[in-house]
Amino acid sequence: MLSHDRVWAAIDALAERYSLSASGLAKRAGLDSTAFNKSKRLSSDGRPRWPSTESLAKIIEATGASLDEFIGLVEGRGKPGPGFLPAQKSSVPLLGFAQAGAGGFFDDAGFPAGQGWDLIEIPARATETSYALQVQGDSMLPLYRNGDVLIVEPGAATRRGDRVVVKTNAGEVMAKVLDRQTAKSIVLVSLNPDHPDRDIPMRDVDWVARIVWASQ
């Protein structure tokens, strides 16, 4: 049975699963940091206050969790989704965006290759092919700040609205929002309004990989 207490408990459990506080989860989802405070869960007259469906959608997207994973937490099943590593941190290769564009670190499909990778431990879902890119500069503000770490999964399917990392044949590496991809071109929306959107011919694209998690 769906109840007020179970929905809020699931939000707390989701935050804990991704090593976040309730306020940290709210901030990562682009919400006010107090949105999930315990004081916000009841109105001034004591009536239950439910989180909006928009808020739930945002925290699911921000963590990379699946809807089934969240429903499982509501139902008390607590079973992690595919690829999730709940009990321990996982180590993945880490590289900066500038290094990523230099070449020699990836194969043709965008998977880690070669030497020179540092390792970083992350409290997030990861697979054997996941790797981390560290944001450098302010071109990805306000979503990603200098020093944030993006976990990238080159084998994951992408669809419109996904946050992706794209590497061009010229060595440019960028994090954008996927707007449209066809056999001829890929259209990307910039995270920072000060930077232009991009329409890149697919012949100029080296690889595209989906961002599945980001530190804050």
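Reading the values: the criteria
- Residues numbered from 1 in each chain as written.
- Predicted model: local features only at pLDDT ≥ 70, side-chain atom pairs only at ≥ 80, totals over all residues.
- Heavy atoms only, no water.
- Phe/Tyr/Trp six-rings, centres within 6.5 Å; stacked < 30°, edge-to-face > 60°.
- Helix = DSSP H or I, 4+ residues; strand = E, 2+ residues; numbered from the N terminus.
- Buried < 20%, exposed > 50% of the residue type's maximum accessible area, 1.4 Å probe, protein only.
- Salt bridge = Lys/Arg side-chain N within 4 Å of Asp/Glu carboxyl O.
- Core = buried A, V, L, I, M, F, W, Y, C linked by side-chain atoms within 4.5 Å.
- Domains from an automatic or database assignment.
- Contact = heavy atoms within 4.5 Å.

## With respect to the packing of aromatic side chains
- The final tally for this structure, using the stated rule, is 2 aromatic pairs.
- Seen from their ring centres, tryptophan 8 and phenylalanine 36 are 5.9 Å apart, and the 70° between their planes marks the pair as edge-to-face. Taken as a pair, tryptophan 8 in helix α1 (residues 4-17) and phenylalanine 36 in the loop between α2 (22-28) and α3 (53-63) lie far apart in primary sequence, 28 residues in all.
- Overall, phenylalanine 36 belongs to the buried group, its relative accessible area being 2%.
- Seen from their ring centres, tyrosine 131 and tryptophan 207 are 6.5 Å apart, and the 90° between their planes marks the pair as edge-to-face. Of this pair, tyrosine 131 sits in strand β3 (residues 131-134) while tryptophan 207 sits in strand β9 (residues 205-214); the two residues are 76 residues apart in sequence, bridging distant segments of the chain.

## Things to note about the pattern of salt bridges
- With the rule as written, the count across this model stands at 8 salt bridges.
- In this structure, lysine 38 engages aspartate 12 in a salt bridge whose closest nitrogen and oxygen atoms are separated by 3.7 Å. Placement of the pair is lysine 38 in the loop between α2 and α3 and aspartate 12 in helix α1, with a sequence separation of 26 residues.
- Relative accessible area serves as the criterion here: at 24%, aspartate 12 is assigned to the partly exposed category.
- Between arginine 198 and glutamate 172 there is a salt bridge, with the nearest N and O atoms lying 2.9 Å from each other.

## What about the nonpolar core?
- By size, the foremost hydrophobic cluster in this structure holds 26 residues, and its most contacted members are Ile11, Leu14, Phe36, Ile59, Phe70 and Ile151.
- When contributions to this core are tallied by element, the ones reaching two or more residues are α1, α2, α3, α4 (67-74), β1 (90-96), β4 (149-153) and β9.
- With 5 residues, α1 is the largest single contributor of residues to this core.
- Each of domain 1 (4-75) and domain 2 (91-215) gives at least three residues to this core.
- With residues near it in sequence (within four places) discarded, phenylalanine 70 still touches Val7, Ala10, Ile11, Leu14, Leu56, Ile59 and Ile60.
- The next biggest cluster of nonpolar side chains, apart from the first, holds 21 residues, and it includes Phe106, Leu133, Val152 and Ala175.

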